[in-house]
Amino acid sequence: MSSGSHTEQRVFPALSIGNTAVALQTTAGEWTYSDLHERVNKMASGLLEGKTDLKEERIALLIPGGVDYVTTLLGIWRAGGIAVPLNVAGALPELEHALTCAQVTRLVACLSLDTDQIVALHILCQALKIELLTVAETLADGVGKLPVIAPERRAMILFTSGTTNKPKGVVSTHRNIRAQVTTLLEAWGWQAKDSIPLFLPLHHIHGIINILCCGLWTGARVAIFPRFDMDQVMTQVRLRKYTLFMAVPTIYVKIIQYLEALDAGKREAITSAFKIMRLNVSGSAACPVKLFNQWKALTGQTLLERYGMTEIGMGISNPYLGERRAGAVGVPLKGVEVALFDDAGAVIAQDDVPGEIRVRGDTVFLEYWNNPAATAESFVDGWFCTGDVAVREKGYYRIMGRSSVDIIKSGGYKLSALEIEGTLLTHEKIAECAVAGIDDDTWGEAVTAFVVLKPGQSLTLPELKAWCESRMSPYKIPKTLRVLDAMPRNAMGKVIKPDLKRL
Ligand code: MCA
Ligand code: AMP
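The rules behind the values
Residues numbered from 1 in each chain as written. Chains lettered and ligands numbered in written order. Predicted model: local features only at pLDDT ≥ 70, side-chain atom pairs only at ≥ 80, totals over all residues. Heavy atoms only, no water. Core = buried A, V, L, I, M, F, W, Y, C linked by side-chain atoms within 4.5 Å. Buried < 20%, exposed > 50% of the residue type's maximum accessible area, 1.4 Å probe, protein only. Helix = DSSP H or I, 4+ residues; strand = E, 2+ residues; numbered from the N terminus. Pairing = 2+ DSSP bridges. Contact = heavy atoms within 4.5 Å. Axes fitted to C-alpha atoms, helices over the stretch in contact; angles between N-to-C directions. Parallel < 35°, antiparallel > 145°, perpendicular 65-115°, else oblique. Left-handed = near helix turned anticlockwise from the far one by under 90°.

## Comments concerning the nonpolar core
So, step 1. Counting 109 residues, the largest nonpolar core has Leu-24, Leu-73, Trp-77, Leu-216, Val-237 and Phe-245 as the members making the most contacts within it.
So, step 2. The element that contributes the greatest number of residues to this core is helix H7 (residues 205–218), accounting for 9 residues.

Here you go:
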């Protein structure tokens, strides 16, 4: 990533030759900033293959959390490409959509996946004329001349579900990423002596920006895991390895359940380790007040809740110093302009009146890839319209919900009901279907499928789940199935989702 100047080329300030501080820690070993710097530059050189600049070529990554992921992401940026991080748990049709939509030309993958997956990936890449590479074969032996990247250039495409059927590619520039990172560094007091676990998926902002990029930018230690493994992470917590902890509410719920099942001594060893951390952050979905209070009672930590979105990075945060209010997301971050708008499109100036959150500033994405219509629709007078409804109470924002019933938040993942419905409707036994998120203590919202079957057919949840496995990511698969005689519809023929939720 470039600095503000066009002449000075700095990737991340801490990433430099001779910096012997540990940047990444994995179960396979540790990498210093100096090691990582060299690896990233070799990756950039390998990707360039003698060219001077990748010129925004889209290169996808299908790599679980680890040094190879970080090397590839930063290597693509360093060489002037656009990184397209993909979901390692994604089903083939989802990967195909992302690769096609982003017009990816090369895919760097971790080929230690299971054999069926590798074969399927080879066939897919061949069909799409995408070159399939591994990290080892891409890394160059030495470092060649690397380009200077202007901040306004595109850096990353992340796929996010919305009110449309298929996920859209959110394009962030180097300037966006820099702004998203630097506002958090200041707001949450990041320091080089910080140490943080990273177990969140690496195809979303929470893991990529809030943890990985903030950590590496500051010169902190990032302990990176391929997935969330409760025993592994809690062992490291107990050993007091971390000063910071950032997760989605579902993970805090799961940790509480895990702690409650331990004997008092083991529980105390972990809760006291949380107690001495500098900061615990919750986000990506609403943190219920009950959870906020439970966490405080158990660990003494006052969770810092913040609000963000793929298109804007983080927008609103409770303060690091000052009151962290339960059930509220705090105040706009420095450099992020936030306002609430009423239905007529006017700014709401007073407290206690709900409106749509709109955001402006350097953190806001550039565009939806190759989709000028969707981009134009999502901005009004330069403000990005989030679709989230909030109210300001004594200066603090509180999220009240979303304007669309077709967006579901499950375990921190944003899911499109329409996308899941579109897939379920291809099931040979399903005549009609509607998908909704039903309130759930663990997941926030749980995906529920309401279906009307074709005459004479029957369908069980296990059958439906098995059918979904090859067609969608595991976290999109319905947790509940309700078979109905008829779908509740309004006079226009539209399914009345609130009625379904009441069922
Ligand atoms: C796993 N399962 C889920 C989810 N995750 N079901 C619904 N929703 C989910 N999110 C299912 C699995 O398919 C499996 O089903 C069962 O739950 C247990 O799976 P397991 O892998 O053991 O679960 P886990 O490892 O405990 O995963 C839960 C998780 C994960 C760690 C909370 O969902 C996760 O990493 N979520 C974070 C997502 C995230 O980073 N979002 C940020 C988006 P079965 O038993 O039937 O096989 S960025 C964003 O939102 C903005 C910018 C922001 O503000 O941050
Ligand atoms: P994503 O598109 O995956 O980046 O998800 C962004 C969405 O997550 C936002 O539009 C909100 O609906 C939701 N979200 C993020 N943080 C919070 C929070 N603290 N409270 C409530 N909703 C949140």
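## A look at unusual backbone geometry
So, step 1. For Glu-49, which is not a glycine, the phi torsion comes out positive at approximately 45°.
So, step 2. Mapped onto the secondary structure, Glu-49 falls in the loop between helix H1 (33–48) and strand S3 (58–62).
So, step 3. Classification of Glu-49 by relative accessible area gives exposed; the value is 52%.
So, step 4. Look at Glu-56: it is not a glycine, yet its phi comes out positive at around 65°.
So, step 5. Mapping Glu-56 onto the fold places it in the loop between H1 and S3.
So, step 6. The class of Glu-56 is buried, set by a relative accessible area of 15%.

## Topic: the pairing of strand S23 (residues 413–416)
So, step 1. Alternating positions in S23 separate into two faces, Tyr-413 and Leu-415 on one and Lys-414 and Ser-416 on the other, with burial throughout.
So, step 2. Where strand S22 (residues 407–410) meets S23, 4 bridges bridge the pair, whose relative direction is antiparallel. Following the sheet pairing, Lys-409 is matched in S23 by Lys-414.
So, step 3. Here S22 hands over to S23 after 2 residues, with Gly-411 in that stretch at a positive phi of 55°.

## Looking at the side chain of Ser-282
So, step 1. As for its position among the elements, Ser-282 is in strand S12 (residues 279–282).
So, step 2. Residue Ser-282 is classed as buried on the basis of its relative accessible area of 0%.
So, step 3. Beyond its immediate chain neighbours, meaning those up to four positions away, Ser-282 contacts Ala-247, Pro-249, Tyr-252, Cys-287, Leu-303, Leu-304, Glu-305 and Arg-306.

## Regarding the packing of helix H3 (residues 92–101) against helix H4 (residues 115–128)
So, step 1. Relative orientation of the contacting elements H3 and H4 amounts to 30°, with a least axis distance of 11 Å. Accordingly, the angle class assigned to the pair H3 and H4 is roughly parallel. As for how H3 packs across H4, the hand of that crossing is right-handed. Contact with H3, carried on its side by Leu-92, Leu-95, Glu-96, Leu-99 and Thr-100, involves Ala-120, Leu-121, Leu-124 and Leu-128 of H4 and no other residues of that element.

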